[in-house]
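The primary structure of each chain is shown beneath.
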Amino acid sequence: MPDLIIRNGTVIDGAGGARVRADVAVTADRITDVGDLGGATATAEIDAADQVVAPGFIDVHTHDDRYLFTNPDMAPKASQGVTSVVVGNCGFSLAPWKNAGEEQFPMSLWRDREDLMFPTAGDYLEGLERTPPALNAAMLVGHSSLRYGAMDDVHRPATDSEIAAMQDSLRDCIDQGAIGMSSGLFYPPAQAAKTEEVAAVAEVMAARDGIYTAHIRDEAEHVMEALEEVAQIGRAAGVQVVVSHHKAAGLQNFGKTKETLPLIEKFQSQQRLTLDVYPYHASSTMILPHLVSRCRKVLITWSEPRPDVRGRDLAELAAEMEMTAEEAAKALSPGGAIYFQLDEEDVQRVLSYPGAMIGSDGIPDDLHPHPRLWGTFPRVLGHYARDLGLMTLEAAVHRMTGLPAAQFGFTDRGAIRTGAYADMVIFNPKTVLDGATFDEPTTPAIGIDSVFVNGLAVWQQGKATGERPGRPIRLGDTSRGR
Ligand code: ZN
Ligand code: CU
C-alpha cells in the first residue's frame, strides 16, 4: 500500500507536455504510480481537485549556502514550491572555507559561526546530511572563494602556482561531490582575473563534466564582450556554461537583449551553453556606487554604518545627507541595494526565450531583500504565464523542473513519473501569484497548497511543517559526473 495518494489533480509532468488528469501515488521517497488509482488505497490521501500537481521547482541560482543551516525550514523557497536549490553562485561559495580576512566579502560577514566554516566541499555536503534542511541542495564552488584560498591579494591576476593551487582545490571539491564552479568576474575579488585564469581553473572539471555558471564581467555596456568571454571559457575548458541571471543592465542598454539572445543562440549551435533569469526589472547586489548613475531608482537593503536606512530610497537619503547619490552610496557601504536598471521588455524577452531556466538569485540574509527571494517562481507562473500569456503553464513549469534537471543532471528529479523522487508541489493555477513586493518583500506567495521533498510534506497550509527531508545532490549521483 502506498504511503500517499494525491487524487483528482491535474498533473503537469515537467517535461513540457500537456496537462493530464491523474492520481499520483508515493511510497517512501519515490513516486510509485501515476494514473487512475480509483481502486487503490493509501495510508494518507489528499484531494487535489482543481489543483495542479507538478514537480517541485529547482532554483538553479541561489545564495542559500549558509541559510540551509541557519534557517533549515527554507521558508522563502519552500513557500514558492521550490524543492531543490543550487548554491554557490556568482563566484562565492561558503565552502571551501579558508582564512577569511576583513576584505573577503561575503565571507567577512560569516565569521560568527565556527561550525559553518566548512574547510572542504565534502565537509559542506556532509554537514547537509548531518543537519538536513527541508530542501535538497547541490553546490557549486566559487571561483572567488578559490582565489581567497590560493592568493594573498585577489586584486591582481593569479600566478601560475596560484592557478595550480586553485585547480587542486577545485579538483578535490569535484571529487567530493560539488557539481561545478561559478565565477563572478563582475565583483572586486575576481575583476583582476584574466579569461585564461578562469578557463585554466575550470578545465579540471572537464573530465567529470562539472558545470560552469557565470555572473559575467559586464551586464551593461559591454554585455556582448562579456558573453563572448564566458563562451570562450566554456570552449577552452571543455565545460558546459550557464549564463547567470541574464539581463541588459542600465538605462542606456534598454533593448539590448535583442542582440544578446541571438548571440546566445549562436553559441548554442556551437557549444553547450544555457542561461537562467529572474522575473523582475530590478537587480540586487552589494552597494556599488558606480551603479547608481545607470538606475531609475535605488533602494538600500542593508547598510553596516546605517542599520536604520534599510528599505529606503537612496535619492531621499542623499538629500538628507546633503550628498550626491554616489557619495551617499559610498557612505552607506558596506551594504546591499536594489537597482531599478532593467527594461521590462528585456525581462519578458529573456523569460520567453525557450531555453531560459528560472533562478531566483535571492539573497536570504538581506534585511529588506529583493522580492525575488520569496516571489520568483509564483510570479513566473501567475503573472507572466497566466496573466500576461508569455508562455503556457506547461512551458513555465518545464523551465523550473525538467529543463534544469536535465541541464544540471539531477537524476530522477524535476519530473512527475513513476520512479522519480517525490519532489512535488500542489498549486492552484487560477490563484498562484507572488506575494512579495519591493515594499513588503517577505510576503509568502499565494496559491501554493503543499510542497513535498523526497516524499515528505515540508510546506502545508501556509507554513513549514518542520520536516527536514532534504539531501545533498552530489556530482557522482547525477547524470553528469562521468
Ligand atoms: Zn550574480
Ligand atoms: Cu547571484
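Residues numbered from 1 in each chain as written. Chains lettered and ligands numbered in written order. Predicted model: local features only at pLDDT ≥ 70, side-chain atom pairs only at ≥ 80, totals over all residues. Heavy atoms only, no water.

**A short note on unusual backbone geometry**
- At the junction of Ala95 and Pro96, the peptide bond is cis and its omega measures out at 0 degrees in the coordinates.
- Among the secondary structure elements, Pro96 is positioned in the loop between β7 (82-87) and α3 (121-130).
- Positioned with a positive phi, Asp50 is a non-glycine residue whose angle comes to about 65 degrees.
- Within the fold, Asp50 resides in the loop between β4 (44-47) and β5 (52-55).
- Positive phi is not limited to glycine here, since His245 has a value of about 30 degrees. (Helix = DSSP H or I, 4+ residues; strand = E, 2+ residues; numbered from the N terminus.)

**A closer look at the layout of surface pockets**
- There is about 740 Å³ of room inside the largest pocket.
- Lining of the largest pocket is provided by 38 residues; of these, Phe105, Met286, Trp302, Ile363 and Asp366 occupy positions nearest its centre.
- Tallying contributions element by element places strand β13 (residues 283-286) first for the lining of the largest pocket, with four residues.
- Residues belonging to the lining of the largest pocket are distributed by class as follows: 18 nonpolar, ten polar and ten charged.
- Summarising the domain contributions, the lining of the largest pocket has at least three residues from each of domain 1 (56-286 + 339-410) and domain 2 (287-338). (1 Å grid on protein atoms, 1.4 Å probe; cavity = no way out; pocket = protein on both sides within 12 Å on 5 of 7 lines; lining within 4 Å. Points joined across faces, edges and corners; volume = space filled by probe spheres on them. Nonpolar A, V, L, I, M, F, W, Y, C, P; charged D, E, K, R; others polar. Domains from an automatic or database assignment.)

**Details of the sheet that holds β13**
- An order of β13-β15-β14 is seen for the three strands of this open sheet, with the pairing classed as antiparallel. Two strands lie at the open edges of the sheet, namely β13 and β14 (297-303), each paired on one side alone. Within the sheet, the average angular offset between the axes of one strand and its neighbour, ignoring direction, is 20 degrees.
- Here β14 pairs with strand β15 (residues 335-340) via six bridges, running antiparallel. Bridge pairing in β15 places Trp302 opposite Gly336. (Pairing = 2+ DSSP bridges. Axes fitted to C-alpha atoms, helices over the stretch in contact; angles between N-to-C directions.)

**Section: the packing of aromatic side chains**
- On inspection of all chains with the given rule, the structure shows ten aromatic pairs.
- On the numbers, 5.1 Å between centres and 80 degrees between planes, the contact of Phe186 with Tyr187 is edge-to-face. Here Phe186 and Tyr187 have matching classes, each one buried.
- Between the aromatic rings of Phe340 and Phe438, the centroid separation amounts to 4.8 Å while the plane-to-plane angle is 55 degrees, which identifies the pairing as tilted. In this pair, Phe340 is assigned in strand β15 and Phe438 in the loop between β17 (424-427) and β18 (448-453), connecting sequence segments 98 residues apart. Accessibility assignment for this pair places Phe340 and Phe438 in one class, buried.
- Grouped by ring-pair contacts, the aromatic residues Phe57, Phe377 and Phe427 constitute a single cluster.
- Above the plane of the ring of Tyr421 lies Arg30, whose end atom (NZ or CZ) is 3.9 Å from the centre.
- A cation sits over an aromatic face here: Arg372 above Tyr278, 4.6 Å from the ring centre. (Phe/Tyr/Trp six-rings, centres within 6.5 Å; stacked < 30°, edge-to-face > 60°. Buried < 20%, exposed > 50% of the residue type's maximum accessible area, 1.4 Å probe, protein only. Lys NZ or Arg CZ within 6 Å of the ring centre and 35° of its normal.)

**Regarding the coordination of the zinc ion (ligand 1)**
- Taken together, the protein donors to the zinc ion (ligand 1) comprise Cys90 (SG), His215 (ND1) and His245 (NE2), at separations of 2.1 Å.
- Between the two metals, the zinc ion (ligand 1) and the copper ion (ligand 2), the spacing is 3.0 Å, and Cys90 donates to both. Pair noted here: His215 is in strand β10 (residues 211-215) and His245 is in the loop between β11 (240-243) and α9 (257-268), with a separation of 30 residues, a long-range link. The same class applies to His215 and to His245, which are both buried. (Donors = N, O, S within 2.8 Å, 3.2 Å for Na, K, Ca; no water.)

**So, the domain arrangement of the protein chain**
- Taken as a whole, the protein chain is organised into domain 1 (56-286 + 339-410) and domain 2 (287-338).
- Using only C-alpha atoms to locate each centre, domain 1 and domain 2 end up separated by 25 Å.
- At the interface, 24 residues of domain 1 touch 19 residues of domain 2.
- Regarding the contact of domain 1 and domain 2, the summed buried area is about 2000 Å², with carbon and sulfur atoms giving 64% of it.
- Looking at the side of domain 1 facing domain 2, the largest losses of area belong to Tyr339, Phe340 and His368, adding up to 37% of the total buried there.
- Our count for the domain 1 to domain 2 interface comes out at zero salt bridges.
- Of all the secondary structure elements, the ones that give two or more residues to the side of domain 1 that touches domain 2 are β13 and β15.
- If you tally residues by element for the side of domain 1 that touches domain 2, the top one is β13, at four residues. (Contact = heavy atoms within 4.5 Å. Buried area = accessible area lost by both parts, 1.4 Å probe. Salt bridge = Lys/Arg side-chain N within 4 Å of Asp/Glu carboxyl O.)

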